[in-house]
Amino acid sequence: MSNCNLCPRQCGADRENGKSGICGVSGKNMLAARAALHFWEEPCISGEKGSGTVFFSGCPLRCVYCQNYQIASTEVGMEISEERLKDIFLELQEKGAHNINLVTPTHYTPEIIRAIGKAKERGLRLPVVYNCSGYEKVETLKTLKGIVDIYLTDFKYMEKETAVRYSKAPDYPEIARAALKEMMDQTGEAKFDENGIMQSGVIVRHLLLPGHVRNARAVVKYVYETYGNQLYLSLMNQYTPLPQVKKEFPELDRRVTEREYQRLISYALELGIENAFIQDGKTAEESFIPMFDYEGIRS
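Going along each chain's sequence as written, the residues are numbered from 1 onward. For this predicted model, a pLDDT threshold of at least 70 governs which residues receive local features, and a threshold of 80 or more governs which side-chain atom pairs are given and counted, while totals over whole chains, interfaces and linings are taken from all residues. By convention in this description, side-chain values take in all heavy atoms of the structure and omit both hydrogens and water.

Trainee: Before we move on, can you summarise the overall build of the protein with the specific residues and values?
Mentor: Put simply, DSSP H or I for four residues or longer makes a helix, DSSP E for two residues or longer makes a strand, and each gets a number counted from the N terminus. In terms of helices and strands, the protein carries 9 helices and 10 strands. Radius of gyration here uses only the C-alpha atoms, and the compact-globule reference equals 2.2 Å multiplied by the residue count raised to the power 0.38. In summary, the protein has a C-alpha radius of gyration of 18 Å against a globular reference of 19 Å for 299 residues, a match within 12%. Its C-alpha atoms give the protein principal-axis dimensions of about 50 × 45 × 35 Å. Sequence-distant contacts, at least 24 apart, represent 72% of the contacts inside the protein between residues at least 6 apart. Note on charges: Lys and Arg go in the positive column, Asp and Glu in the negative column, and His and the chain ends are not counted at all. We put the charge of a Lys on NZ, of an Arg on CZ, of an Asp on CG and of a Glu on CD. Here the protein contributes 37 positive and 40 negative side-chain charges, whose respective centroids are spaced 4 Å apart. Any two residues whose heavy atoms approach within 4.5 Å are treated as being in contact.

Trainee: Any chance you could break down the pattern of salt bridges for me, citing the residues and the numbers?
Mentor: Any Lys or Arg side-chain nitrogen found within 4 Å of a carboxyl oxygen on Asp or Glu counts as a salt bridge. Taken as a whole, this structure holds 19 salt bridges when the rule is applied. A salt bridge links Lys86 to Glu83; its shortest N-O distance comes to 2.8 Å. Taken together, the positions of Lys86 and Glu83, both in helix H3 (residues 82-94) and 3 residues apart, correspond to about one turn of that helix. Overall, the relative accessible area of 4% leaves Lys86 in the buried class. Here Asp87 and Lys86 are joined by a salt bridge, their closest N and O atoms 2.9 Å apart. The class of Asp87 is partly exposed, set by a relative accessible area of 25%. Ionic contacts of the salt-bridge type, sharing partners, join the residues Glu82, Glu83, Lys86, Asp87, Arg114 and Lys118 into one network. The classification of residues rests on relative accessible area computed with a 1.4 Å probe and restricted to protein chains. Under 20% of the type maximum is buried, over 50% is exposed, and intermediate values are partly exposed.

Trainee: Tell me about helix H9 (residues 258-271), and name the residues and values.
Mentor: To estimate the expected span of a helix, subtract one from its residue number and multiply by 1.5 Å. Here H9 contains 14 residues, and its C-alpha end-to-end distance of 20 Å stays within 8% of the 20 Å for a straight helix at 1.5 Å per residue. Within the sequence span of H9, burial applies to Glu260, Tyr261, Leu264, Ile265, Tyr267 and Ala268. Each buried residue of H9 sits inside an arc of 155° when the element is viewed along its axis, so together they form one side. Away from its buried face, by an angle of more than 90 degrees, H9 presents the exposed residues Glu258, Arg259, Leu269 and Glu270. Turning to H9, the residues buried within the fold contact helix H8 (213-227), strand S9 (232-236) and strand S10 (276-278). Backbone geometry just downstream of H9 places Gly272 in the positive-phi region, at approximately 100°. In this description, one arc is meant: the one made by directions from the helix axis to the C-beta atoms.

Trainee: Provide a residue-level description of the side chain of Thr109, including the pertinent values.
Mentor: Residue position: Thr109 is located in helix H4 (residues 109-121). Once residues within four sequence positions are removed from consideration, Thr109 is found in contact with Tyr130, Thr140, Thr143 and Leu144.

Trainee: Run through unusual backbone geometry, naming residues and quoting values.
Mentor: Of note in the backbone geometry, Arg62 takes a positive phi value of approximately 60° without being a glycine. Turning to its location among the elements, Arg62 is positioned in the loop between strand S2 (51-56) and helix H2 (69-72). Although it is not a glycine, Thr74 sits at a positive phi angle of roughly 65°. Mapping Thr74 onto the fold places it in the loop between H2 and strand S3 (78-80).

Trainee: Summarise the environment of Tyr267; cite the residues concerned and give the values.
Mentor: By secondary structure assignment, the location of Tyr267 is in helix H9. Here the alpha-carbon distance between Tyr267 and Ala216, two residues 51 residues apart in the chain, equals 9.9 Å. When sequence neighbours within four positions are dropped, the list of residues in contact with Tyr267 reads Arg217 and Lys221.

Trainee: If you had to explain the packing of helix H7 (residues 172-187) against H8 to someone new, which residues and values would you point to?
Mentor: Axis separation between H7 and H8 bottoms out at 12 Å; the angle between their running directions is 35°. The two elements H7 and H8 cross, and the hand of that crossing is right-handed. Packed against H7, whose contacting residues are Arg177, Leu180, Lys181 and Met184, the element H8 presents Tyr222, Val223 and Tyr227 at the interface. Tallied by class, residues from the contact of H7 with H8 come to 5 nonpolar, no polar and 2 charged. Interaxial angle, 0 to 180 degrees, is taken between N-to-C directions of lines fitted to C-alpha atoms, where a helix line uses only the stretch in contact. Each crossing gets its handedness from the near helix: less than a right angle anticlockwise from the far helix is left-handed, clockwise is right-handed. Classification used: nonpolar for Ala, Val, Leu, Ile, Met, Phe, Trp, Tyr, Cys and Pro, charged for Asp, Glu, Lys and Arg, polar for all others including Gly.

Trainee: Break down helix H6 (residues 160-167) for me, citing the residues and quoting the values.
Mentor: Those residues of H6 that fall on the buried side of the exposure criterion are Thr162, Ala163, Tyr166 and Ser167. Summarising the axial view, the buried residues of H6 lie within an arc of 100°, below the 170-degree limit, and thus occupy one face. Residues of H6 that are exposed and point more than 90 degrees away from the buried face comprise Lys160 and Glu161. Contacts made by the buried residues of H6 are with H7.

Laid out in structure tokens, this is it:
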């Protein structure tokens, strides 16, 4: 951590000695804001019992419209050790979770790997879900082979200019393509248990942004033409405009219309996509942003 290059930003921050990277975190411990059963993921992840979800603070991508901006900006986050994280995993298993779901884990990858190893020695047997932005360094993903069972990854942009405007990441499309290939190489075709709960595989999420159907269609086209029905797509209409976009990004200061979302779904059907999750119209009116109140974090 004295020269951190875990993510594609490769900022080289001396996190070990208190210097923050682009992800916003420093120090030898992790920051987390919530660890609880979560019911708002895709049905094959949340199931009936819930996904054992750990929300980490900090983020290397820092999208302007971030739905979890409180934790992405490290405005909220409690310091935890590897030992505490190991215990959290086991506590979530005891609560009946279908899996261990790591949200925005990239910048804590080494610590997470060690915590999972310790938890498995103590009896952890659940599938591990790596829930990320898609902006992942292949070399870092390779360290997760045999540890992560499911990649629940965003694929935000195929348009470079959109990636620049909203995430200051002109290389996002190429990075996401390479990362997805590594994820697929590790997991292969999706597998489920007798109850329909995913045990291994990849789900590619795309959050439709208002006014950006063209970008969404390009993402869907690339993913399907490259991987077919080996993976699952999750096409989401739940974008929520938050106060931080109102002034500088007014085009994002509204919800996605039903017509925009239907255009995307129709396009996916035209392509022949069979393995996909879609959301009904009422979903856009709901909030999928949990309370970051440190539930499950304190020992």
